[in-house]
Every structure is written in C-alpha cells, then in structure tokens.
Amino acid sequence: MKIQNEKLMDIADQTLKWLNENGFKDLVANVTVNRDLTVKEIKMKKTLTIKQKKIITDKFLKTKVK
Amino acid sequence: MSLNVINAFQKFAGDSALFDENYESTDGWTFVRTEFSINASGNGLLLATNVPDNALAQCYKDIGFNLPSTYTLKIEYKPTSTPNNIYPCSFTETSTQINSQEKGVIIRTNGGTTINIATVSSGSVTQASFITSLVVDTQYYVKIVNDDSNISLSVFTGSDYETGQVGSTISVTDPNFTTLDTLQHCGRTDGGGGTGTSFAINNVSVIES
C-alpha cells in the first residue's frame, strides 16, 4: 500500500514535538521522513555539541543529524 | 490569448511577476466539494469555509508554466478559525490532492494558529518547524523565497512583506523541482475528527528572482 504524505507529516510532527520537549526548541530547522516511515534526517540551525547530538541519536538511531 | 498567458507576462511596478492570482474569477479553477469558493458575492477572495480534516475538499488551477529554479511567492493569508491540519496554499506537480501528491511545495497548518512549509517528493516529506504565534482574524503576508538552495517561509503583518515579522523565518532544503505548475488549496483527508478550518487567501504572486 502506498504511504500517504499525511502519515509522514504526522511522524515529522511527533519528531519536532519530541525535539521541542527535549531541549531543542528553536534549534531545529527541518525534519525529513522517508516513505518507509523512518526519520531520515534532522537538520539543525546550528552545530550541536557532542552531548546534544548524542541525545538525538540515542532516540533516533538511524537518523542523520546535520 | 488565455488568461494564463496574460498572467505569465503580467508585470508589476518593482516586481517581475510571472503570475498573479487575484481571485476575481473562477476561470481555470476546478473545485472538489463546496468548502472552497472564489469571488463569492464578488468578494475577490479565495474563501475556505469549514474545510473538514477527514474528507477531500480542494480547488486547483494550472498556472501555465513550471515554477522557475529561483522565485519568490507572495500570499495574503488570513486565518478565520483556529486552523486544523490543512494546506492553505501549495504549488504541486499535478492536481492530485496533497496527501497523495508526489511533488510539491506546501504551506501547512496543524492545530492552534500555526503555519509551516513542507516539501513532498516521491521518496520523502520534509517539513520545517512551525511558526506558532499567529492570531485568528489577523491579516498576514506570507513570503516564500527559493534561492535554489533552500525554500524559506516568512510571515509578516506588514503588506510590504518586510515589516512586522511573526516568529522566525523557517526553511527546508530545495528539492529542485522543475515541474510544479499547479496552484492548489487543499484540506486533509487522512483521519482527523472532522473539525473544520476557515481562512481567506488573496493575491498569490509568483515572482522570478
């Protein structure tokens, strides 16, 4: 069955919500969600510290954080 | 000469507008359901009235050319109810609704008085953080700039599209679409509780930059 955009947008919404609630409010530029429903990439507005980046990659194991 | 051709060569003082939709006629528009109306009672507006979030309501128009690689879009937007999940204004590859669309640059709202920008492609969806501080019944001027690297969205209260910025500028990476030739206003179809969303849009311009 073809994945619909609104399902992917829901996942992007949930990802943005989690980031906002975990100390990254106003730091996130955008989120990309693949058709397989994985979060492909989280693009930040500025370079994160190693500790900050680890918080995200621990939650989103397969996601590229830029 | 078709209206689209006239629009394509229409010029405005200070801007080189490729297209301007002033919503004074339904020429070229196709409507799905009745929640979207254009120039009802001669108001010169695109009105969305209680667009549901669980059934397809839509209107669309072929603008007669593909969006260029760099451009500025200007859109007058006024939310008249607390927006639910909806796509007030988008440029897409086909007239297919947003939920199933394969290529598009989309303005999206989702709960509260929020707005953001997203792109959909055959492989993924990318969306920016939401601007969350819009107020119902306030006239906003939304500017989208594609500089061939990023597509950025800014919201202003000033009609000059420069003053009174609301929140910060948000952006997504430019997917370099070359086939976006359809302007559409569309509701959500995938679930939701049936809540309606209302807004008004006017004067959508495409300016090559």
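What you see is a predicted model; the values in this text were computed from it and never measured.

Peer 1: Just checking my understanding: could you explain the overall build of chain A for this structure?
Peer 2: If you tally the helices and strands in chain A, you get two helices and three strands. Along chain A, helices (α) and strands (β) appear in the sequence α-β-β-α-β when read from the amino end. Taking 11 Å as the expected radius of gyration for a compact globule of 66 residues, we find that chain A reaches 12 Å, a close match to that expectation. The principal-axis extents of the C-alpha atoms in chain A amount to approximately 40 × 20 × 15 Å. Per-residue burial over chain A gives 44% buried out of 66 residues. Here chain A displays about 4,000 Å² of accessible surface, and carbon together with sulfur accounts for 55% of that area. The averaged location of the 8 negative side-chain charges in chain A is 6 Å from the averaged location of its 16 positive side-chain charges.

Peer 1: Any chance you could explain the overall build of chain B here in plain terms?
Peer 2: Counting its regular elements, chain B contains one helix and 15 strands. The C-alpha radius of gyration of chain B comes to 16 Å, within 12% of the 17 Å expected for a compact globule of 209 residues. Seen along its three principal axes, the alpha-carbon backbone of chain B occupies a region of about 45 × 35 × 35 Å. Sorting the 209 residues of chain B into buried and exposed places 53% on the buried side. Considering only residue pairs separated by 6 or more positions, chain B has 65% of its internal contacts joining residues 24 or more positions apart. With the model as given, the accessible surface of chain B reaches about 7,800 Å², and the carbon-plus-sulfur share is 46%. For chain B, the distance from the average site of its 9 positive side-chain charges to the average site of its 20 negative ones is 3 Å.

Peer 1: I'm lost on unusual backbone geometry in this one. Help?
Peer 2: What is expected of a backbone is that most residues other than glycine have negative phi and most peptide bonds are trans. All names here are of chain B. With phi around 55 degrees, Asn39 is a residue other than glycine that occupies positive phi space. When its relative accessible area of 23% is taken as the criterion, Asn39 is described as partly exposed. Positive phi values are uncommon outside glycine, yet Asp148 reaches one of about 80 degrees. Relative to the elements of secondary structure, Asp148 occurs in the loop between strand S11 (140-146) and strand S12 (150-156). Residue class for Asp148 comes out partly exposed when judged on its relative accessible area of 37%.

Peer 1: Quick question: what am I supposed to make of the packing of aromatic side chains here?
Peer 2: Where two aromatic rings form a pair, the distance of their centres and the angle of their planes describe that pair. All names here are of chain B. Overall, the coordinates contain six aromatic pairs over all chains when judged by the stated rule. Note on Phe36 and Phe199: the rings are 6.2 Å apart at their centroids and 65 degrees apart in plane angle, and the pair reads as edge-to-face. Here Phe199 lies in strand S15 (residues 197-208) and Phe36 lies in strand S3 (residues 36-38), a separation of 163 residues in the sequence. Of the residues examined, Phe199 reaches a relative accessible area of 0% and is grouped as buried. Here the aromatic cluster, defined as three or more aromatic residues joined through ring pairs, consists of Phe36, Tyr77 and Phe199.

Peer 1: Quick question: what am I supposed to make of the interface of chain A and chain B here?
Peer 2: Accessible area lost upon the coming together of the parts serves often as the stated size of an interface. With 20 residues of chain A in contact, the opposing surface of chain B contributes 28 residues. Looking only at chain A, the three residues that lose the most surface to chain B are A:Asn5, A:Glu6 and A:Met9, adding up to 33% of its buried area. Run the count over chain A and chain B and you get two salt bridges. Between A:Asp10 and B:Arg188 there is a salt bridge, and its shortest N-O distance comes to 3.3 Å. Across the contact surface, chain A and chain B share 23 residue pairs in polar contact (both at pLDDT 80 or more). Contributions of two or more residues to the side of chain A that touches chain B are made by helix H1 (5-24) and strand S1 (28-34) of chain A. No other element matches H1(A), which puts nine residues into the side of chain A that touches chain B. Among the residues forming the side of chain A that touches chain B, the class breakdown is eight nonpolar, five polar and seven charged.

Peer 1: Where do I start with the pattern of salt bridges in this structure?
Peer 2: Enumeration over the complete set of coordinates arrives at nine salt bridges over all chains. For the salt bridge of A:Asp13 with B:Arg108, the shortest nitrogen-to-oxygen distance reads 2.7 Å. Taken together, the residues span two chains, with A:Asp13 in helix H1 and B:Arg108 in strand S8 (residues 104-109). On the accessibility criterion, A:Asp13 (14% relative accessible area) is buried.

Peer 1: Whenever I open this one, the side chain of B:Glu76 confuses me. Can you help?
Peer 2: Residues and elements named next belong to chain B. In this structure, Glu76 sits in strand S6 (residues 71-79). Put simply, Glu76 is tucked away with no salt bridge, and the nearest opposite charge, on Lys74, sits 9.6 Å away. At 3.1 Å, the side chain of Glu76 and the side chain of Asn203 are in polar contact. Ignoring any residue separated from it by four or fewer positions in sequence, one finds Glu76 in contact with Gln139, Tyr140, Tyr141, Tyr161, Ala200, Ile201, Asn202 and Asn203.

Scoring rules and cut-offs
Residues numbered from 1 in each chain as written. Chains lettered and ligands numbered in written order. Predicted model: local features only at pLDDT ≥ 70, side-chain atom pairs only at ≥ 80, totals over all residues. Heavy atoms only, no water. Helix = DSSP H or I, 4+ residues; strand = E, 2+ residues; numbered from the N terminus. Rg over C-alpha atoms; globule rule 2.2 N^0.38 Å. Buried < 20%, exposed > 50% of the residue type's maximum accessible area, 1.4 Å probe, protein only. Areas by Shrake-Rupley, 256 points an atom, 1.4 Å probe, with all protein chains shown as cover. Lys, Arg positive; Asp, Glu negative; His and termini not counted. Charge placed at Lys NZ, Arg CZ, Asp CG, Glu CD. Contact = heavy atoms within 4.5 Å. Phe/Tyr/Trp six-rings, centres within 6.5 Å; stacked < 30°, edge-to-face > 60°. Buried area = accessible area lost by both parts, 1.4 Å probe. Salt bridge = Lys/Arg side-chain N within 4 Å of Asp/Glu carboxyl O. Polar contact = N/O pair within 3.5 Å; in protein donor to acceptor, adjacent residues only side chain to side chain. Nonpolar A, V, L, I, M, F, W, Y, C, P; charged D, E, K, R; others polar.

Honestly, it's all geometry; don't read function into it.
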